[in-house]
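An overview of the molecular structure
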Amino acid sequence: MATAEEKRDPIALADLSDSLVDAWRVVARQGGAGARPGSQAALDATEAHRELPAAGANEEHAAGYMSGRMVDAIALLLQSVGTQLRAEPLVPLAVWPLVRAELEHAGRVAWLLQPLEGSGAASRRVARAMLEHASALQRDKYTASKHSTPLAKALKRDRDNLLRRIGSLFSDVDTPLDGPEKIVEWRIGGETMLGLGRAIDLFVSLNFTKGSGVYDVLSDRSHPSVTSLASQSVAEESEGVTSWSYPVNPDVLDFQVRLGCLILYKTAHTIASYYGLDASALESWAEEAPAHWLVEDPASAS
């Protein structure tokens, strides 16, 4: 639990989250020059071409590219947290789903760039990227089938073209197309699709010593729940009408913003490490963060 001296007001927290977004952009701009020699990304690219001679069109870089897009999304979500913190009045209820979405994106980064050992690690990473892409097309095609037949047909073509390409790279492919619920059974190149919850568990296990209940907390606060609403609100009576307000609890706000920042901080470091980028901007941000943010696990104040 943070001491009263360590607590910051919402505007200061917004400034802190925005400065982390800026730090990420400093790191991300370095990516324009490509992976640094000797980095895991460079080693994976070389190895992937050896393991998958037919690979092309930057397929060996797909996992890193996708992860970068995910971290960009996390940064935008955290930027939106900053917007909420500056709102008048501040409604903490609106912060929960933003941080929850950050964590869901972070799970994909953890899976795509998870350190892999043993033979075939580079081709396994390509397989994970292919699973990520093809499964997204499958879900989008299913959703489009409910509201736009032309869009569903276009997505089906894209999915089928990608699956044919995958079949030309890997001999071990099993992607049943009966429905989106079958995605959990998909297998490419010995890799199986990792679902949302398990990917989040992976991110937490790779980055924190505890915190298995963090996603549950975020989900309980984001999903419709009369008990959650009651625990966060205060009833007010006026002229026979009852209304509810959602006051700011400094401990809860600290938890929300700390977790939102740590998700970006950890995933940005993951990208920087994978590509061999200079992460000093992230460490400069960490020096300005409240001391307890980086020494306690995120679940400790939930």
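Everything quoted here is computed from the prediction, not taken from an experiment. (Residues numbered from 1 in each chain as written. Predicted model: local features only at pLDDT ≥ 70, side-chain atom pairs only at ≥ 80, totals over all residues. Heavy atoms only, no water.)

A tally of helices and strands in the protein yields 11 helices and five strands. Here the C-alpha atoms of the protein give a radius of gyration of 21 Å, agreeing with the 19 Å that 2.2 N^0.38 yields for 302 residues. Reported as C-alpha extents along the three principal axes, the dimensions of the protein are approximately 70 × 45 × 30 Å. Classification of the 302 residues of the protein by burial places 47% in the buried group. Sequence separation of at least 24 residues holds for 72% of the intrachain contacts in the protein that already meet a minimum separation of 6. Per element, the accessible surface of the protein, about 14,700 Å² overall, is 53% carbon and sulfur. (Helix = DSSP H or I, 4+ residues; strand = E, 2+ residues; numbered from the N terminus. Rg over C-alpha atoms; globule rule 2.2 N^0.38 Å. Buried < 20%, exposed > 50% of the residue type's maximum accessible area, 1.4 Å probe, protein only. Contact = heavy atoms within 4.5 Å. Areas by Shrake-Rupley, 256 points an atom, 1.4 Å probe, with all protein chains shown as cover.)

In this model, the protein carries a mean pLDDT of 92, and residues with pLDDT of at least 70 account for 95%. Contacts of residues 1–5 to residues separated by more than four positions or lying in other chains number four contacts, the stretch itself having pLDDT below 50. (pLDDT = per-residue confidence, 0-100.)

A few words now on helix α4 (residues 95–112). Between the first and last C-alpha of α4 there are 27 Å, a value that for 18 residues agrees with the 26 Å anticipated at 1.5 Å per step. Burial runs high along α4: 16 of the 18 residues are buried. (Expected span 1.5 Å × (residues − 1).)

What follows is about the environment of glycine 64. With respect to the element layout, glycine 64 can be found in helix α3 (residues 62–85). Put simply, glycine 64 and tyrosine 274 are 210 residues apart on the chain and 7.9 Å apart in space, counted from C-alpha to C-alpha. Among residues more than four places away in sequence, those in contact with glycine 64 are Leu113, Ile271, Tyr274 and Tyr275.

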